[in-house]
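Here is how the chains run, residue by residue.
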Amino acid sequence: MKSKGRATIEVAADGVVVITIINPPVNSLSLDVLYSLKETIEDALRRDDVKAIVMTGYRGKFSGGFNISSFADLQQGKVAQPKPGYTSLDMLTDTFKGMVGMKDVISLEKCFPSLRETDMETIRQWIMTSTQRLPHLVGLAKSLEMMLTAKSVKGKEALDLGLVDAIVSPSQLLDAACKWALDIWEHKKPWNIASLYRTDKLESLDEAREILKLARDQALRISPNLYHPLAFVDVVEEGIVSGPRAGLIKEYETLEVLIRSGTCKALVHIFLSQRGTTKIPGVTDLGLVPRHVKKVAILGGGLMGSEIATVFLLSNYYVILKEVNDKVLEAGIHRIKANLQRRTNKGKLSQEKFVKALSLLKGTLDYETFRDVDMIIEAVAEDLTLKQKIFMDLEMYCTPHCILASNTSIDLNLIGEKIKSQDRIIGAHFFRLCDLIGLDVAMAIEAQFVLSMSDRIYKSTLIPLMQQDKRLGATTQKGFYLYDERHKVKPDPEIKKYIEKAREISGVSINPQLAKLSDKDIVEMILFPLVNEACRLLAECIVVKAADLDIASVMGMGFPPYRGGIIYWADTLGSKYICSRLNGWARMYGNFFKPRDSLVEKASRGVPLVSIINGIYSLCCFSKLSTPCI
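Residues numbered from 1 in each chain as written. Predicted model: local features only at pLDDT ≥ 70, side-chain atom pairs only at ≥ 80, totals over all residues. Heavy atoms only, no water.

Draft legend 1. Representation of helix 12 (residues 303-314) within the structure. An ideal rise of 1.5 Å per residue puts 16 Å on twelve residues; helix 12 measures up with 17 Å between its terminal C-alpha atoms. Within helix 12, nine of the twelve residues are buried, which leaves it mostly tucked inside the rest of the structure. All buried positions along helix 12 are accounted for by Met 304, Gly 305, Ser 306, Glu 307, Ile 308, Ala 309, Thr 310, Phe 312 and Leu 313. On the buried face of helix 12, the contacting elements are strand 6 (295-299), strand 7 (318-322), helix 13 (326-345), helix 14 (351-359), strand 8 (361-364) and strand 9 (375-378). Positive phi appears at Asn 316, one or two residues downstream of helix 12, with a value of about 70°. (Helix = DSSP H or I, 4+ residues; strand = E, 2+ residues; numbered from the N terminus. Expected span 1.5 Å × (residues − 1). Buried < 20%, exposed > 50% of the residue type's maximum accessible area, 1.4 Å probe, protein only. Contact = heavy atoms within 4.5 Å.)

The following block contains the structure:
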């Protein structure tokens, strides 16, 4: 059982108290940590031998933020709701400055303070005080930028802004902080005024109103379906207009609304589900140790293969890129260099690391250098025959321990059916790269799907027409959209003529009823068949957990994380409603919409879709996982 987080107290002979937050790995602020922290601070304040308090984190890591699991516990009523009060206003929060420390803050040279919690539909208690303190410390415009964009601030910039008071190396941090605190006690350093009452960085009231208006407009433009960015602005405005005490009260009231919102629950679910993807029944619970990977080979240097190679180079892996001839190999290496150079130009990669990354890359036209490779990722065209030939070659040249991966949507059983080493073939999708897939790849995938699941696939006449005119997506800078050199898209009016031609070939006309569909109907008609297929995947134990499908839908197809993923979202609507809609469309438009048996069964009992896995896991899923693939 995981031990509870806590805060410890240590009083030095010189009267400086060091309070240490202990909750590995990132010392997150769970409720047990907060209660322990409160007790240790009160203990320190009661003692006559205490002159100053320094707060730090276990093993030199200050808290990474509020513990997300605690939100889930609060939402589900597993823990008591903390009582509001003014202790934080008059005592505790006056010792916190901006993000990470006391009234006087000492930072690491490579510390990157940020308000990452804007990724969540809630203003965490620790960060909520920043809605009142940050504007006083860095000005309203900069504080709203930090809150709404979650942009990190590097150590030097944090010092210039006034977020921290000094920068030191990690080895000197604690000693420097203790000395600084003692110097304040001994009047060798000034005692800074409480951040809530500083006004030297604040803009005038007229300027503030204009900044707040611009911030609201930006929030609505960037996140039209989210409330919490506007909540940030509202809370900040309350403090600016009505004073810090009113602002802190508004913080608490807003938190109470946000923490129980559907969006907050969905985002908490996504956060915890993403963490849960690393836990695989029958694998991780057996104590298996991951194999150490040093060298990776990529087959195919196209858009996808070059991006995959870039990912590994940035993570300090040796990478071998294989292609079929010198021309395409040179093009692949050029793409990788361009990927790295873009990061360097944006300041995300230093010149030194750029050179280091390139030094890890090697190109080849054969398999001879694959003999000491730990993992291979095939990223060639979606051609089953080609992939089968490649894997037959790989089995001949690679060591028995080498992991054979394919970045594919084709059935892995088909890809590996002609080799003996089927137990080490895995799928390796790089979700954030999926927008690089062109229509030529989509056509190849469709062909495989038509062969294996013709009753569940609609064979498009539109995409072949586009393919004939080289409208392949990002690779040719035109597809359904037009792409610029940076892969930014804009609508293309010419696509209408392809749609009309496809209708003509198919012999279909516009259904007047479909032309009148509401936005809600369109969304459901597109996504409910996806829910239907997800139910099949769960029932057939293709996936272990419903939450894994939620993560796949968010990372792989761009499903909004604030909706919680495809299964989570479906359960907010209810299995009975989804089944009813699918049955209605099946009667009108055919069996493509016919609900799967597992969905029908859940709808008849009115139970959530997520429960599909619960009753059958022990029957089939464990047997599929009993022999790990790597």
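Back to the write-up after that little detour.
Draft legend 2. A look at the pattern of salt bridges. All chains considered together, the criterion is met by 28 salt bridges. Across the pair Lys 142 and Glu 145 runs a salt bridge, and its minimum N-O distance is 3.3 Å. One end of the pair is Lys 142 and the other is Glu 145, both in helix 5 (residues 140-149) and three residues apart, which spans about a single turn. Owing to a relative accessible area of 30%, Glu 145 belongs among the partly exposed residues under this scheme. For Lys 520, the salt bridge is made with Glu 524, and the minimal N-O distance between the two is 3.2 Å. Here the residue Lys 520 and the residue Glu 524 both occupy positions in helix 21 (residues 519-539), the gap between them amounting to four residues, near one helical turn. Accessibility expressed as a relative area gives 4% for Glu 524, which makes it buried. Taken together, the shared-partner salt bridges connect Lys 520, Asp 521, Glu 524 and Arg 581 into one network. (Salt bridge = Lys/Arg side-chain N within 4 Å of Asp/Glu carboxyl O.)

Draft legend 3. Spotlight on the confidence of the model for the protein. Residues of the protein with pLDDT of at least 70 account for 87%, and the chain-wide mean is 83. Throughout residues 108-128 the model reports pLDDT below 50, and contacts reaching past four residues in sequence, or to other chains, amount to 85 contacts. For residues 613-630, every residue scores under 50 in pLDDT, and the model assigns this stretch 35 contacts once sequence neighbours within four places are set aside. (pLDDT = per-residue confidence, 0-100.)

Draft legend 4. Here's a closer look at the packing of helix 13 against helix 14. As a packed pair, helix 13 and helix 14 sit with axes 10 Å apart at the nearest point and diverge in direction by 165°. Taken as axis vectors, helix 13 and helix 14 run roughly antiparallel relative to one another. Once helix 13 is placed against helix 14, the crossing between them reads as right-handed. Residue-level inspection shows Lys 337, Leu 340, Gln 341 and Thr 344 of helix 13 in contact with helix 14, the latter providing Gln 351, Phe 354, Ala 357 and Leu 358. Here the residues of the contact of helix 13 with helix 14 sort into four nonpolar, three polar and one charged. (Axes fitted to C-alpha atoms, helices over the stretch in contact; angles between N-to-C directions. Parallel < 35°, antiparallel > 145°, perpendicular 65-115°, else oblique. Left-handed = near helix turned anticlockwise from the far one by under 90°. Nonpolar A, V, L, I, M, F, W, Y, C, P; charged D, E, K, R; others polar.)

Draft legend 5. A look at the sheet that holds strand 2 (residues 16-22). The sheet built from three strands is open, its strands ordered 1-2-3 with mixed pairing. A single partner strand is all that each edge strand has here, and the edge strands are strand 1 (6-11) and strand 3 (52-57). Strand after strand, the sheet turns through a mean of 20° between neighbouring axes, direction not considered. When strand 1 meets strand 2, the two strands line up antiparallel, connected through six bridges. Bridge pairing in strand 2 links Val 11 to Val 17. Contacting strand 1, strand 2 and strand 3, helix 1 (residues 31-46) runs over the sheet at an angle of about 20° to strand 1. Sitting on the sheet, helix 7 (residues 173-185) is in contact with strand 2 and strand 3, with an inclination near 160° to strand 3. (Pairing = 2+ DSSP bridges.)

Draft legend 6. Geometry of the pairing of strand 10 (residues 403-406). Burial along strand 10 is two-sided: the face carrying Ile 403 and Ala 405 and the face carrying Leu 404 and Ser 406 are both buried. Relative to strand 10, strand 9 is paired through four bridges, and the arrangement is parallel. Looking at the pairing, Glu 378 lines up with Ser 406 of strand 10. The handedness of the strand 9 to strand 10 crossover, carried by helix 15 (residues 384-397), is right-handed. Inspection of the sheet shows strand 10 paired to strand 11 (residues 425-427) by three bridges, in the parallel sense. In the strand pairing of strand 11, Ser 406 is matched with Gly 427. (Right-handed = clockwise from strand over helix to strand, strands pointing away.)

Draft legend 7. Geometry of the nonpolar core. Counting residues in hydrophobic clusters, the biggest one holds 27 residues, and the most contacted among them are Val 531 and Ile 567. Contributions of two or more residues to this core are made by helix 21, helix 22 (546-557), helix 23 (566-573), helix 24 (575-589) and helix 25 (597-605). Broken down by element, this core gets its largest block of residues, seven residues, from helix 21. Counting residues in each nonpolar core, the second largest holds 25 residues, with Leu 329, Phe 354, Ala 357 and Leu 360 among its members. (Core = buried A, V, L, I, M, F, W, Y, C linked by side-chain atoms within 4.5 Å.)

Draft legend 8. Representation of the pairing of strand 6 within the structure. For strand 6, the tally of buried residues reaches four of five residues, placing the bulk of the element in the interior. Across five bridges, the pairing between strand 6 and strand 7 is parallel. The partner of Val 296 across the bridge, within strand 7, is Val 319. As for the winding sense of the linkage, the β-α-β connection from strand 6 through helix 12 to strand 7 is right-handed. In terms of strand pairing, strand 6 meets strand 9 through four bridges, oriented parallel.

Draft legend 9. Inspection of the packing of aromatic side chains at higher detail. A complete count under the given rule lists ten aromatic pairs for this structure. Here the aromatic residues Phe 528, Phe 559, Trp 569, Tyr 577, Trp 585, Tyr 589, Phe 592 and Phe 593 are joined through ring pairs into a cluster of three or more. Between the NZ or CZ atom of Lys 189 and the centre of the ring of Trp 180, over which it lies, the distance is 4.1 Å. Geometry around Tyr 367 places Lys 322 over its ring, the cationic atom sitting 4.8 Å from the centre. (Phe/Tyr/Trp six-rings, centres within 6.5 Å; stacked < 30°, edge-to-face > 60°. Lys NZ or Arg CZ within 6 Å of the ring centre and 35° of its normal.)

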